[in-house]
Amino acid sequence: MENQNLSSSPRRVQQALKMLGAPCQVVELQASTRTAIEAAQAVGCQLGQIVKSLIFVLQPANQYILVLVSGENRVNEKNLGKLLGGKIVKADAFAVQQMVGYAIGGVPPVGLDTSLPTYIDEDLLKYDVIWAAAGTPHAVFQITSKDLLRVTNGKVISVK
């Protein structure tokens, strides 16, 4: 059942999930889900089950990429850059907002304004069920790791 009471950004994510055939329900919480730790506490799951949606710029191509990272991991930027054939740097907050239509702390893995090459942390696949941001620092949705792979068409990599 679709939640008509969602604010605009979470509603956009819910619509994207529906169009992609993902049986997920976006929920808005009172508690903050801006950081992986806050999100895990808010939904009552392990830190590793949180999907961090991070936007990087691959140089020298100036190509924006989306990296979906397990909440317990940090991206080894040097190694990931080498794997992708360049150097990666974190995109700044303004660029993220302009590129994908969501602010840092609420960037979802789907429903972005711009389609980006997507890479998925292999550690997310250890979990049957994971939680991702849904457009704001108070909105999330639960999804299976298999469905995340399918709806993002992401390439599984090691980010550590």
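Here, the structure is the one placed above.
Read on for an overview of the structure. (Residues numbered from 1 in each chain as written. Predicted model: local features only at pLDDT ≥ 70, side-chain atom pairs only at ≥ 80, totals over all residues. Heavy atoms only, no water.)

Digging into the pairing of strand β6 (residues 129-133)
What counts is decided by this rule: Buried residues are those whose accessible area, probed at 1.4 Å on protein chains only, stays under 20% of the maximum for their type, while exposed residues exceed 50% and partly exposed ones sit between those limits. Secondary structure elements are defined from DSSP: runs of H or I of at least 4 residues count as helices, runs of E of at least 2 residues count as strands, and each element is numbered from the N terminus. Two strands qualify as a pair provided DSSP detects at least 2 bridges between them.
Most of β6 sits out of view: four of its five residues are buried. Across two bridges, strand β2 (residues 50-59) lies against β6 in parallel orientation. Among the inter-strand pairings, valine 51 is bridged to a residue of β6, identified as alanine 132. Inspection of the sheet shows β6 paired to strand β7 (residues 139-144) by five bridges, in the antiparallel sense. Bridge assignment links valine 129 to a residue of β7, and that residue is threonine 144. Taken together, β6 and the strand that follows it, β7, pair antiparallel across an intervening segment of five residues, in which glycine 135 is found at a positive phi of about 105 degrees.

Points about the pattern of salt bridges
Applied cut-off: By definition here, a salt bridge exists when the distance from a side-chain nitrogen of Lys or Arg to a carboxyl oxygen of Asp or Glu is within 4 Å.
All told, the structure shown has four salt bridges when counted by the stated rule. Between lysine 126 and glutamate 72 there is a salt bridge, with the nearest N and O atoms lying 3.6 Å from each other. Note that lysine 126 is positioned in the loop between β5 (118-121) and β6 and glutamate 72 in the loop between β3 (63-70) and α3 (77-83), a separation of 54 residues in sequence. On the accessibility criterion, lysine 126 (54% relative accessible area) is exposed. Since its relative accessible area comes to 41%, glutamate 72 is described here as partly exposed.

Quick notes on the side chain of threonine 118
Stated formally: In what follows, a contact means two residues having at least one pair of non-hydrogen atoms within 4.5 Å.
Mapped onto the elements, threonine 118 comes out in strand β5. Setting aside residues up to four positions removed in sequence, threonine 118 forms contacts with Leu66, Leu68, Thr152, Gly154 and Lys155.

As for the state of the cysteines
What counts is decided by this rule: Any two cysteine sulfur atoms within 2.5 Å of one another count as a disulfide.
The full count for this structure, using the stated rule, is zero disulfides. Between cysteine 24, a cysteine without a disulfide, and cysteine 45, which holds the nearest cysteine sulfur, the sulfur-to-sulfur distance is 14 Å. Exposure remark for cysteine 24: the relative accessible area of 9% places this residue in the buried category.

Comments concerning unusual backbone geometry
Working note: non-glycine residues mostly have negative phi, and peptide bonds are mostly trans. Here glutamine 59 and proline 60 are connected by a cis peptide whose omega angle stands at 5 degrees. Summarising the element assignment, proline 60 is placed in the loop between β2 and β3. Positive phi, normally seen in glycine, also occurs at asparagine 62, with a value near 60 degrees. Mapped onto the secondary structure, asparagine 62 falls in the loop between β2 and β3. Its identity as a non-glycine residue notwithstanding, asparagine 153 has a phi of 55 degrees, on the positive side. Mapped onto the fold, asparagine 153 is located in the loop between α5 (145-152) and β8 (155-157).

Read these as layout, nothing more, since geometry by itself doesn't imply function.
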